[in-house]
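Structural overview
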Amino acid sequence: MGSLLTTTLEAISLLFSGDAELWSIIGISFRISTTAILIAMIPAILLGFTLAYANFPGRRIFISIFNSLLAVPAVVVGLTLYIVLSRQGPLGEWKLLFSQTAMVLGQIALSFPILVAMSHTAFQSAEIRAWDTARTLAKNPLSAFFIIMREVRFGLFGALLAAYGRIIAEVGASMMLGGNILNSTRNIPTAIAMETSKGEFAQGIALGIILVSMAFFLTMSLQYMQGRGKISND
Amino acid sequence: MTKMLTNKPFMHIQFSHINKSYCKKRCGFFIKKSQAKVIFNDANIVLKGGQCVLLTGSNGSGKSTLLRIIAGILKPDCATITTGSKSLSWKKANKLIRQQVMYLYQEPYMFDGSVTRNLEYALNGKKFSSHSVNQITRALKWANLEHRADTSAKCLSGGERQRVALAQAWLKQPSVLLLDEPTANMDKASRQATEALLLKFKERGTALLIASHDVKHFHQTMDKQLLLENGHIFEIGDKTNNISLFPHSSKRQA
Ligand SMILES: Nc1ncnc2c1ncn2[C@@H]1O[C@H](COP(=O)(O)OP(=O)(O)O)[C@@H](O)[C@H]1O
Ligand SMILES: [Mg+2]
């Protein structure tokens with residue numbers, strides 16, 4: 001176990017020495033996941049909002065569908081998209097498999113149900129009275145929507161963080177759809193999996209440090225914001 | 001503010017043939033006729049600018065339901081809205097009534113943030129001009145909430161919340177203001193403060209419709225008293241003869 005310490009030190013020096021390969025992997029990871037969240041965010045929040053306040057037939061069924069989609073394993077999402085994008089698949093002509101675009105698509109599919117389910121919960125935490133009041137005060141439905149977004153902002157931040165946390169650390173779908181190609185589709189989780197299987201722990205640990213510190217940072221900033229919200233309520 | 005309003009013609013709006021029933025089972029695909037509970041059966045109501053109408057009726061008679069239909073929040077089975085020379089269905093008139101009619105809940109909802117921020121929401125996002133800052137200051141003063149300007153609105157008492165909601169309405173300047181049990185659970189001082197503010201709306205030319213079972217609390221404000229019973233609206237008194245009708249209405253409430 002003595003080697004664990006040396007490997008960790010090696011990992012830290014790798015991070016601080018600005019190892020080009022390592023930082024390219026980190027950059028790819030954040031770029032892909034941020035793109036996916038930014039694309040999924042707007043339709044998912046609108047859908048969560050609609051499911052919370054609109055009254056249409058089949059609303060409850062929709063809510064259960066999105067809640068059950070949360071439980072679908074990432075590999076299954078990866079497999080489904082793989083079949084769709086593979087050469088014989090319906091979208092095979094687009095030649096997207098093993099590209100960053102395919103990974104973005106996979107991460108959108110993974111984050112969408114979380115974003116919908118959690119933003120639905122967030123909107124529901126403000127009662128229907130809040131929406132009706134916003135509607136009577138604001139000049140049009142869009143500005144009423146922004147008033148409600150502000151009202152439930154902590155719930156929405158929580159949804160974004162949970163979704164980001166899931167997709168940036170996920171191996172299965174990234175591996176299947178991206179193919180772990182260096183400088184193109186190799187991201188943090190696929191790199192960790194590969195380096196570990198080769199027995200090279202230093203890079204894996206360095207990347208792990210990045211993921212864990214990011215998770216800490218995001219959670220802490222959310223809690224900080226929520227804390228400030230509480231204080232202003234006193 | 002009052003000067004601005006004199007340009008606006010006083011509203012005269014009629015809601016006729018209001019029909020509404022609630023379905024007992026909300027999500028059932030096959031709702032039997034017998035399961036639907038009829039709340040309104042061809043009811044009519046007229047609202048005029050500067051006039052205060054008091055809507056009475058026992059609990060569960062449909063007062064809140066009527067107010068929500070008039071405010072455009074709740075869809076009736078059918079209703080015709082006549083204003084000026086135009087006659088429209090509820091759905092067609094929805095945009096118009098959403099602009100002209102404002103509905104205040106019994107317990108007004110306060111958004112997260114200061115009282116000032118809650119008032120800003122009533123100004124349609126024009127909050128950054130110095131004119132709106134002025135308007136908000138005046139509205140705070142008008143509702144006697146100056147000392148509460150920076151307090152979190154969620155921490156206010158019931159009476160103060162009511163006054164914030166009334167100040168929002170004052171800024172928003174609707175033609176019709178609907179109030180659902182505005183003085184329920186209030187002490188005498190808060191009730192009097194609310195009534196004083198309601199009188200100012202009347203002076204401004206707003207049409208007021210108040211749902212309440214405390215007839216005696218709106219003695220000074222009210223011009224006309226309506227009774228809601230079995231899905232119909234009856235006119236049971238006006239300012240001149242309402243006293244003789246008190247026993248009548250209290251009997252029905254019992
Ligand atoms: N959303 C709803 N679904 C089904 N029934 C309702 C609903 N809202 C109100 N009701 C029923 O309609 C009747 C009238 O309610 P309401 O308008 O709140 O009366 P009031 O305000 O005069 O007390 C009551 O019997 C109530 O149970
Ligand atoms: Mg009621």
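Numbering of residues begins from 1 in every chain and follows the order in which that chain's sequence is written. As a convention, the first chain written is A and the first ligand written is 1, with the rest following in written order. This being a predicted model, a pLDDT of at least 70 is required before a residue's local features are given, and a value of 80 or more before pairs of side-chain atoms are given or counted; all residues contribute to the totals for chains, interfaces and linings. In computing side-chain properties, one takes all heavy atoms of the structure into account and sets aside hydrogens as well as water.

1. Side note on the overall build of chain B
Only DSSP runs of H or I with at least four residues qualify as helices, and only runs of E with at least two residues qualify as strands; both kinds are numbered from the N terminus onward. Looking only at helices and strands, chain B has eight helices and ten strands in total. In chain B, which comprises 254 residues, the proportion classed as buried is 52%. A contact between two residues is defined here by any heavy atoms of the two lying within 4.5 Å. Long-range pairs, those at least 24 residues apart, make up 70% of the contacts in chain B with a sequence separation of at least 6. With an accessible surface of roughly 12,300 Å², chain B has 52% of that area assigned to carbon and sulfur atoms. Three labels apply to residues, based on accessible area from a 1.4 Å probe with only protein chains included: buried if under 20% of the type maximum, exposed if over 50%, partly exposed otherwise in between. All accessible areas in this document rest on Shrake-Rupley with a 1.4 Å probe, and a residue is counted as covered only by the protein chains that are shown.

2. Details of empty space enclosed by the protein
Definitions used for this entry: grid spacing 1 Å over protein atoms alone; cavity, a set of points where a 1.4 Å probe fits but cannot get out; pocket, an open set with protein on both sides within 12 Å along at least 5 of 7 lines; lining residue, one with an atom within 4 Å of a point. Grid points are joined across faces, edges and corners, and a volume is the space filled by probe spheres set on the points. Inspection of the entire model under this criterion finds three cavities of 30 Å³ or more. Considering only enclosed or pocket space, the second largest cavity measures out at about 70 Å³ in volume. Taken together, Thr133, Thr136 and Leu137 of chain A together with Met102, Tyr103, Leu104, Tyr105, Pro108, Tyr109, Ala165 and Gln168 of chain B make up the lining of the second largest cavity. For the lining of the second largest cavity, the class distribution of residues is eight nonpolar, three polar and no charged. Residue polarity is assigned by list, with Asp, Glu, Lys and Arg as charged and Ala, Val, Leu, Ile, Met, Phe, Trp, Tyr, Cys and Pro as nonpolar; anything else, Gly included, falls into the polar class.

3. Thoughts on the interface of chain B and chain A
At the junction of the two partners, chain B supplies 24 residues and chain A supplies 22 residues. Computed with a 1.4 Å rolling probe, the buried area is the accessible surface lost when two parts are put together, summed over both parts. Taken over both partners, the interface formed by chain B and chain A buries close to 2,100 Å², and the fraction arising from carbon and sulfur atoms is 50%. The three residues of chain B that bury the most area against chain A are Tyr109, Phe111 and Asp112 of chain B, which together make up 31% of that side's buried surface. The rule for a salt bridge is simple: a side-chain nitrogen of Lys or Arg has to be within 4 Å of a carboxyl oxygen of Asp or Glu. Taken together, the links from chain B to chain A amount to three salt bridges. For the salt bridge of arginine 68 of chain B with aspartate 132 of chain A, the shortest nitrogen-to-oxygen distance reads 4.0 Å. Pairs of N or O atoms are called polar contacts if they sit within 3.5 Å, as long as, within protein, a hydrogen donor faces a hydrogen acceptor (for residues adjacent in sequence, only side-chain-to-side-chain pairs). Taken together, chain B and chain A are joined by eight residue pairs in polar contact (both at pLDDT 80 or more).

4. Describing the pattern of salt bridges
What the rule picks out here adds up to seven salt bridges over all chains. The partner of glutamate 151 of chain A in a salt bridge is lysine 154 of chain B, and the shortest N-O contact between them spans 2.9 Å. With glutamate 151 of chain A in helix α7 (residues 141-151) and lysine 154 of chain B in the loop between α5 (130-142) and α6 (158-172), the pair connects residues from two separate chains. By relative accessible area, glutamate 151 of chain A is classed as buried at 12%. As a salt-bridge pair, glutamate 195 of chain A and lysine 198 of chain A come within 3.9 Å of each other at their nearest N and O atoms.

5. Points about the nonpolar core
Only buried residues count toward a nonpolar core, which is a set of Ala, Val, Leu, Ile, Met, Phe, Trp, Tyr and Cys residues joined through side-chain atoms within 4.5 Å. Counting residues in hydrophobic clusters, the biggest one holds 56 residues, and the most contacted among them are Phe123 of chain A together with Phe111, Leu166 and Leu177 of chain B. When neighbours within four sequence positions are excluded, phenylalanine 123 of chain A is seen to be in contact with Ile45, Gly48, Phe49, Ala52, Tyr53, Phe145, Ile148, Met149, Val152 and Leu156 of chain A. If you look at the next biggest cluster of nonpolar residues, it comprises 42 residues, including Leu85, Met103, Ile108 and Leu115 of chain A.

6. Notes on the packing of helix α5 (residues 100-125) of chain A against helix α8 (residues 153-168) of chain A
All names here are of chain A. The axes are straight lines fitted to the C-alpha atoms, using for helices just the contacting stretch, and the angles between their N-to-C directions are given from 0 to 180°. It is the contact of α5 with α8, at a shortest axis distance of 8 Å, that shows an interaxial angle of 160 degrees. Considering their axes alone, α5 and α8 lie roughly antiparallel with respect to each other. Relative to α8, the crossing made by α5 is right-handed. On the side of α5, the interface is formed by Gln107, Leu110, Ser111, Ile114, Leu115, Met118, Ser119, Ala122 and Phe123, while α8 contributes Gly155, Leu156, Gly158, Ala159, Leu160, Ala162, Ala163, Arg166 and Ile167. Oblique is the label for every angle not falling under 35 degrees (roughly parallel), over 145 degrees (roughly antiparallel), or within 65 to 115 degrees (roughly perpendicular). Helix crossings fall into two classes, left-handed where the near helix is turned counterclockwise from the far one by less than a right angle and right-handed where it is turned clockwise.

7. Observations concerning the confidence of the model for chain B
Regions with low pLDDT carry predicted coordinates that are not meant to be interpreted in detail. Residues and elements named next belong to chain B. For chain B, per-residue confidence averages 84 on the pLDDT scale, and residues scoring 70 or more make up 83% of the total. Ignoring residues within four places in sequence, the model shows residues 1-7, a span with pLDDT below 50, making eight contacts including any to other chains. Segment residues 241-254: pLDDT under 50, and 17 contacts once partners within four positions in sequence are set aside and those in other chains are kept. Among the prediction metrics, the complex's ipTM stands at 0.82, with pTM recorded as 0.84. pLDDT expresses, on a scale from 0 to 100, how confident the predictor is about each individual residue.

8. Regarding helix α7 (residues 188-204) of chain B
All names here are of chain B. Taking 1.5 Å per residue as the helical rise, α7 with its 17 residues ought to reach 24 Å, and the 25 Å between its terminal C-alpha atoms agrees with that figure. Inspection of α7 places Ser190, Thr194, Glu195, Leu197, Leu198, Phe201, Lys202 and Arg204 among the buried residues, and these make up the whole buried set. All buried residues of α7 fall inside an arc of 170 degrees around its axis, so they share one side. Turned more than 90 degrees from where α7 packs its buried face, Lys188, Ala189 and Glu203 sit exposed. Glycine 205 lies just past α7 and shows a positive phi near 105 degrees. By definition here, a helix of n residues has an expected span of 1.5 Å times n minus one. As used here, the arc belongs to the directions running from the helix axis to the C-beta atoms.

9. Re the site of ligand 1
Residue and element names in this part refer to chain B. Any residue with a non-hydrogen atom lying within 4 Å of a molecule or strand is treated as near it. The environment of ligand 1 is formed by Tyr22, Lys37, Ile39, Ser58, Asn59, Gly60, Ser61, Gly62, Lys63, Ser64 and Thr65. A distance of 2.7 Å is found between an oxygen atom of ligand 1 and a backbone nitrogen or oxygen belonging to glycine 60. Residue lysine 63 places a main-chain N or O atom 2.8 Å away from an oxygen atom belonging to ligand 1. For ligand 1, the accessible surface in isolation is 560 Å², of which the surrounding protein chains cover 62%. If one sorts the elements of the shell around ligand 1 by residue count, helix α2 (residues 63-70) sits on top with three residues. Across the shell around ligand 1, the residue classes tally to two nonpolar, seven polar and two charged.

10. Digging into the packing of aromatic side chains
Paired rings are identified among Phe, Tyr and Trp, the last through its six-membered ring, by centres lying within 6.5 Å, and are further divided according to the angle between planes into stacked (under 30 degrees), edge-to-face (over 60) and tilted (the rest). The final tally for this structure, using the stated rule, is 17 aromatic pairs over all chains. An angle of 75 degrees between the planes, with centres 5.3 Å apart, marks the rings of phenylalanine 49 of chain A and phenylalanine 123 of chain A as edge-to-face. In this pair, phenylalanine 49 of chain A sits in helix α2 (residues 20-53) while phenylalanine 123 of chain A sits in helix α5, placing the two residues 74 residues apart along the sequence. For the pair phenylalanine 49 of chain A and phenylalanine 123 of chain A, one class covers both residues: buried. When the NZ atom of lysine or the CZ atom of arginine is within 6 Å of a ring's centre and also within 35 degrees of its normal, the charge is said to sit over that ring. If you follow arginine 129 of chain A out to its NZ or CZ, it ends over the ring of tyrosine 105 of chain B, 5.9 Å from the centre. Over the ring of tryptophan 170 of chain B we find arginine 204 of chain B; its NZ or CZ atom is 3.5 Å from the centre of that ring.

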